[in-house]
Amino acid sequence: MSRYSRVMLGVKIAFTYVGTVIGAGFASGQEILQFFTVYGNYSAFSILLTAFLFVWVGIRLLRMGYESRSRSFRDTIKMIFGRLSPLVNGYMLLAIVMVAAAMLAGAGALFEEYISVPFYIGVIITAVVVWAFVASGLKGIFAINAWIIPVILLFNLFVFAYSLLMDDYTFEFMPVFDVTAFDIVKSAVSYASFNIVLALGVLIPAGSEVDDPRALKVGGALGGSILGAMLLASNYSLMRCVPEVYEFEVPMLYIVYRMGPFFSMAFVMVMWGAILTTLVANAFSVACAINDVFKLSMHAALLMTIAACVALSFVGFSRIVAFVYPLLGIIGFIVICAMFILVKRR
């Protein structure tokens, strides 16, 4: 493989990695506000640690996929956890399905609240788009991320540039409580662990499809670095608008509204794009697992996955987040810690 081909493949993997992590919570600014901005000027240290974890673990997971040649995260989990693998795989399947359902619910709410389209129509449109891309396998996932992620990055850059030019707000921002080194590390590890567990379902198959391990290193390093840069940029933008952003369910909207109507409408599309990239990755992960367990065709497994996500989406985004995310975050932290320990022993 030529150097150019290796780099381009690495970029595709990186965009797919980024697309898996960037969901409604990331794009809206709510996750960044809760995990990082509340620490004020100390938040940069937590974000840098998060970026390091994204890079280091991302490369390791891609290499594990390359070595195991597995199309599903189940084989990798079995290799690491042994007898505990059925429980861990059960958790993984539940986590990814529930997050996918939350993303679908978020898409339905986005259509309903911002463009006055009924909730169920928004859910159906999003589900059909997801079906179209996931049905093409990893090529479809690479394709949708190659189109959407550059747009999200460009929009993120515009918001950051606008924040730099703001002259009616100050950057000095003290944390909302006394910050310790433990708080900084805990926030970084908690945020990274939940997102890495979800990304595992795409990074493992992606690694298994690549013949050049150097492309995987490029993909993992570039993907983690992009995520870190986006976190730093978005966190800076939010810090320039504290405490006003705390009053918004979608904190980024406070900044975007000030940028004008064009950017307000563009932000809705960016939000939908962020939901799509995460949803596509999650649907692919679950479909691969169902295909592996029940030996169904990929199309049948995908149909089951999307049908389950559509049904669960009517529970509502906020309810799923409130009752499912905290527990999954705790379990995800345990899973990631166990994975580090067990892989180190191997």
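Details of the structure are given in the entry above.
Now for a description of the structure that goes with this document.

Scoring rules and cut-offs
Per chain, the residues get numbers from 1 upward, laid out in the order the sequence is written. Totals for whole chains, interfaces and linings use all residues, but because this is a predicted model, local features are given only for residues with pLDDT of at least 70 and pairs of side-chain atoms are given and counted only at 80 or more. With hydrogens and water set aside, each side-chain value is computed from the structure's full complement of heavy atoms. Starting at the N terminus, helices and strands are each numbered in turn, a helix being any DSSP run of H or I of at least four residues and a strand any DSSP run of E of at least two. Think of it in three bands: with a 1.4 Å probe and only protein chains considered, a residue is buried below 20% of the maximum accessible area for its type, exposed above 50%, and partly exposed in between. Contacts are residue-level and defined by heavy atoms, with any inter-residue pair within 4.5 Å sufficient. Shrake-Rupley sampling with a 1.4 Å probe provides the accessible areas, and residues are treated as covered by the protein chains on show and by no other component. Basic side-chain nitrogens of Lys or Arg form a salt bridge, by our definition, when they fall within 4 Å of a carboxyl oxygen of Asp or Glu. Any pair of Phe, Tyr and Trp rings, taking the six-membered ring for Trp, is counted once the centres come within 6.5 Å. Such a pair is stacked with planes under 30 degrees apart, edge-to-face with planes over 60 apart, and tilted for the rest. Each axis is a line fitted through C-alpha atoms, and for a helix only the stretch in contact is used; angles between axes span 0 to 180 degrees, taken between their N-to-C directions. Any angle between 65 and 115 degrees counts as roughly perpendicular, while under 35 counts as roughly parallel, over 145 as roughly antiparallel, and the rest as oblique. One less than the residue count of a helix, multiplied by 1.5 Å, gives the span that helix is expected to have. By construction, the arc corresponds to the directions joining the helix axis to the C-beta atoms. Just so you know the grouping, Ala, Val, Leu, Ile, Met, Phe, Trp, Tyr, Cys and Pro go in nonpolar, Asp, Glu, Lys and Arg go in charged, and all remaining residues, Gly too, go in polar. Every patch collects residues that have over 30% relative accessible area and no salt bridge, joining them within 9 Å if they carry like charges and within 5 Å if they are nonpolar side chains (Val, Leu, Ile, Met, Phe, Trp, Tyr).

Right, let's talk about the overall build of the protein for a bit. What the protein contains, in helices and strands, is 14 helices and zero strands. Across the protein, helices and strands are ordered from the amino to the carboxyl terminus as α-α-α-α-α-α-α-α-α-α-α-α-α-α. Per-residue burial over the protein gives 56% buried out of 346 residues. When contacts within the protein are restricted to residue pairs at least 6 apart in sequence, long-range pairs at least 24 apart make up 83% of them. Within the structure as shown, the protein displays about 15,200 Å² of accessible surface, and the carbon and sulfur contribution to it stands at 69%.

Let's shift gears to the pattern of salt bridges. Across all of its chains, the model carries six salt bridges by this definition. A salt bridge links Asp212 to Arg214; its shortest N-O distance comes to 3.3 Å. Residue classification places Asp212 among the buried residues on the basis of a relative accessible area of 7%. Salt-bridge contacts for Lys295 lead to Asp292; the nearest nitrogen and oxygen are separated by 3.9 Å. One network of salt bridges, in which partners are shared, links Arg6, Asp212 and Arg214.

Let's shift gears to the environment of Gly23. Position of Gly23 among the secondary structure elements: in the loop between helix 1 (3–21) and helix 2 (24–28). Sequence separation of Gly23 and Gly273 is 250 residues, and the distance between their C-alpha atoms is 8.6 Å. For Gly23, the residues in contact, after removing those within four places along its chain, are Met103, Ala274 and Thr278.

Here we come to unusual backbone geometry. Cis geometry marks the peptide bond from Val242 to Pro243; its omega dihedral reads 10°. Summarising the element assignment, Pro243 is placed in the loop between helix 10 (213–239) and helix 11 (251–259). The phi torsion at Ser116 lies on the positive side, around 55°, for a residue other than glycine. In this structure, Ser116 sits in the loop between helix 6 (85–114) and helix 7 (119–134). For Ser116, a relative accessible area of 66% corresponds to the exposed category.

This brings us to the packing of aromatic side chains. For any pair of aromatic rings, the description rests on two quantities: the centre-to-centre distance and the angle between the ring planes. In total, this model carries 14 aromatic pairs according to the counting rule given. Relative to Trp272, the ring of Phe111 lies with its centre 5.7 Å away and its plane at 80°, an arrangement referred to as edge-to-face. Placement of Phe111 in helix 6 and of Trp272 in helix 12 (residues 261–294) is noted, with a sequence separation of 161 residues between them. Assigned by exposure class, Phe111 and Trp272 land together as buried. Both rings, one in Phe160 and one in Tyr236, keep their centres 5.5 Å apart while their planes meet at 70°; by these two values the pair is edge-to-face.

Turning to the packing of helix 8 (residues 138–165) against helix 11, a few remarks are in order. Look at helix 8 against helix 11: their axes get within 11 Å of each other, and the N-to-C directions meet at 75°. On the basis of their axis angle, the class for helix 8 and helix 11 is roughly perpendicular. Residues Phe155, Phe158, Val159, Tyr162 and Ser163 of helix 8 touch helix 11, and the partners they reach there are Met252, Ile255, Val256, Arg258 and Met259.

Bringing helix 7 into the picture now. Each full turn of the α-helix corresponds to 3.6 residues, which orients residues three or four apart in the same direction. Over its 16 residues, helix 7 runs 23 Å from end to end, which matches the ideal 22 Å to within 8%, given 1.5 Å per residue. Within helix 7, the full set of buried residues consists of Phe119, Gly122, Val123, Thr126, Ala127, Val130, Phe133 and Val134. Each buried residue of helix 7 sits inside an arc of 130° when the element is viewed along its axis, so together they form one side. Turning to helix 7, the residues buried within the fold contact helix 6, helix 8, helix 12 and helix 13 (298–313).

Moving on, we get to the environment of Met92. Assignment of secondary structure puts Met92 in helix 6. For the pair Met92 and Leu198, spaced 106 residues apart in sequence, the C-alpha separation works out to 7.8 Å. In this structure Met92 touches Phe73, Val197 and Leu200, once residues within four positions along its chain are discounted.

Our next topic: the packing of helix 1 against helix 8. Two numbers describe how helix 1 lies on helix 8: the axes approach to 8 Å, and their chain directions differ by 70°. Relative to helix 8, the element helix 1 lies roughly perpendicular. Residues Lys12, Ile13, Phe15, Thr16, Val18 and Gly19 of helix 1 form the contact with helix 8, whose participating residues are Ile141, Phe142, Asn145, Ala146, Ile149, Pro150 and Leu153. Of the residues that constitute the contact of helix 1 with helix 8, the class distribution is nine nonpolar, three polar and one charged.

Turning our eyes to something else, we now look at a nonpolar patch on the surface. Taken together, the side chains of Tyr120, Ile124, Val128 and Phe314 present a nonpolar region at the surface, about 410 Å² in accessible area. Position of Ile124 relative to the elements: it lies in helix 7.

Turning to helix 5 (residues 73–81), its buried residues are Phe73, Thr76, Ile77, Ile80 and Phe81. Along helix 5, the residues classed as buried sweep out an arc of 110° about the axis, all on the same side. Of the residues one or two after helix 5, Gly82 is the one with positive phi, at around 60°.

This next bit is on the side chain of Ser234. When you line up the elements, Ser234 lands in helix 10. Aside from chain neighbours lying at most four places away, what touches Ser234 is Ile32, Asn156 and Met252.

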